[in-house]
Amino acid sequence: MYDAIVIGAGPAGLQAALTLGRMHRPVLLLDSGEYRNGTVQHMHNMIGADGKAPADLRAQARTELAAYADVETRDVAAQRISGDAETGFSVDLADGSAADARRVILATGVADDLPPVPGLAELWGVRVFSCPFCDGHEHAGKPIAILGAAPRAAHLIGLLGRIVGEITVVPVGEPFAAEDRTALEELGVQVASAPVEAVAAHGDGDGVRVRSAEGDLDVAGVFVASGTMRHRAPFAADLGLRLLESGSIEIDEFGRTSLPGVFAAGDLAHRATLPGPMASVLLAAAAGQLAAVGVLQSL
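A brief structural summary. What you are looking at is a predicted structure, and each value in this text was computed from that prediction instead of being measured.

## A closer look at the sheet that holds strand S8 (residues 128–129)
With respect to topology, five strands assemble into an open sheet ordered S8-S15-S9-S10-S11, the strand pairing being parallel. Sheet topology places S8 and strand S11 (190–191) at the edges, where each strand pairs with a single neighbour. Where strand S10 (residues 167–170) lies against S11, two bridges are found, and the strand directions are parallel. Within S11, the position partnered with Val 169 by the bridge is Val 191. Across the sheet, helix H5 (residues 150–160) is in contact with strand S9 (144–148), S10 and strand S15 (221–225); its angle to S15 comes to roughly 130°.

## Quick word on the pattern of salt bridges
Tallying each qualifying case throughout the model produces 14 salt bridges. Here Arg 80 makes a salt bridge to Asp 92, at a shortest N to O gap of 3.7 Å. Of this pair, Arg 80 sits in strand S4 (residues 78–84) while Asp 92 sits in strand S5 (residues 88–93), and the two are twelve residues apart along the sequence. Arg 242 is the salt-bridge partner of Glu 250, the closest N and O atoms lying 2.9 Å from each other.

## Considering the packing of aromatic side chains
Tallying each qualifying case throughout the model produces one aromatic pair. Seen in terms of ring centroids, Phe 129 and Phe 223 are 5.8 Å apart; in terms of plane orientation they differ by 45°. Their pairing is tilted. Here Phe 129, found in strand S8, pairs with Phe 223, found in strand S15; they are 94 residues apart in sequence, far enough to count as distant. Grouping residues by exposure puts Phe 129 and Phe 223 together as buried. A cation over a ring is seen here: Arg 58 above Tyr 35, with NZ or CZ 3.8 Å from the ring centre.

## Examining the side chain of Thr 108
Here Thr 108 lies in the loop between strand S6 (98–106) and strand S7 (110–113). Beyond its immediate chain neighbours, meaning those up to four positions away, Thr 108 contacts Ile 7, Gly 8, Arg 232, Ala 233, Phe 235 and Leu 268.

## A word on unusual backbone geometry
Leave glycine aside and you will find that most residues have negative phi; peptide bonds, for their part, are mostly trans. Located in the positive-phi region is His 24, a residue other than glycine, with phi close to 60°. The topology assignment puts His 24 in the loop between helix H1 (11–22) and strand S2 (27–30). At Asn 45, a residue that is not glycine, the phi angle is positive and equals roughly 60°. Looking at the secondary structure, you find Asn 45 in the loop between S2 and helix H2 (54–65).

## Remarks on the sheet that holds strand S12 (residues 196–202)
Spatially, S12-S13-S14 is the arrangement adopted by the three strands of the open sheet, whose pairing is antiparallel. Since the sheet does not close on itself, it has two edges, and those belong to S12 and strand S14 (215–219), each with one partner. Neighbour-to-neighbour, the strand axes of the sheet open up by a mean angle of 20°, direction not taken into account. Summarising the sheet, strand S13 (residues 207–212) and S14 pair through five bridges and their orientation is antiparallel. Residue pairing in the sheet places Ser 212 in a bridge with Gly 215 of S14.

Procedures and definitions
- Residues numbered from 1 in each chain as written.
- Predicted model: local features only at pLDDT ≥ 70, side-chain atom pairs only at ≥ 80, totals over all residues.
- Heavy atoms only, no water.
- Pairing = 2+ DSSP bridges.
- Helix = DSSP H or I, 4+ residues; strand = E, 2+ residues; numbered from the N terminus.
- Contact = heavy atoms within 4.5 Å.
- Axes fitted to C-alpha atoms, helices over the stretch in contact; angles between N-to-C directions.
- Salt bridge = Lys/Arg side-chain N within 4 Å of Asp/Glu carboxyl O.
- Phe/Tyr/Trp six-rings, centres within 6.5 Å; stacked < 30°, edge-to-face > 60°.
- Buried < 20%, exposed > 50% of the residue type's maximum accessible area, 1.4 Å probe, protein only.
- Lys NZ or Arg CZ within 6 Å of the ring centre and 35° of its normal.

Put into structure tokens, the structure is as follows:
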């Protein structure tokens, strides 16, 4: 029996496994091969790795983990979790096997459900983004489009307005209400009347063409102000974990969930004092380390 099974091998899971391995705790890391930033070519706002490819970071982390005898990594997804902190947990794997552990760390992350705009998914993480901290600087002085709901668009304008060039906000699904259009225009941006119909790569660089009934709009990049996140795996519901209004798993400072013995880290969980998950490679890794410390404390 392992001391812990870490489910998910993004930044949170990798860091959790490293912390446990360094403390000589037998740990199994499960990597399904699915990552929120799987299409992203360069991650940013990560000290020591600004501009590094996420895939390179994961590969480097896997190499580092291989030096620890107490860390085992398997490229297989988890399918079901049963048990409790007293008798131990059993995790059923997609290859038909199972593994047992005294503790479990959920680090499966989330998936982004984008607005149903043709071409958007194909450009996601490459020419279409959501995070100003991650991708705003790369569009300094360049024209961009913001697609989606007015309240979130206004939030993005507040963050990106001092960085980028001209901003055009384009509605998704239906035109903006008159009051929303007025509020956005008062922020000094252009507001399209017709909803977006499709987006496509344009030019030799990273340009995007935004198509609508008004015509084509060519910009350097697109930021999405609508869409939702969902848990990539069903374990929170399966285990009956307490959720917050954001839909994320509620955790304390050390990643403890409402079910003793089960911890969570990364974009799928946050403390009740925060309005939502802080989507960041750096913060996900930090959460993974804290969850590992929580596991060590409980053991």
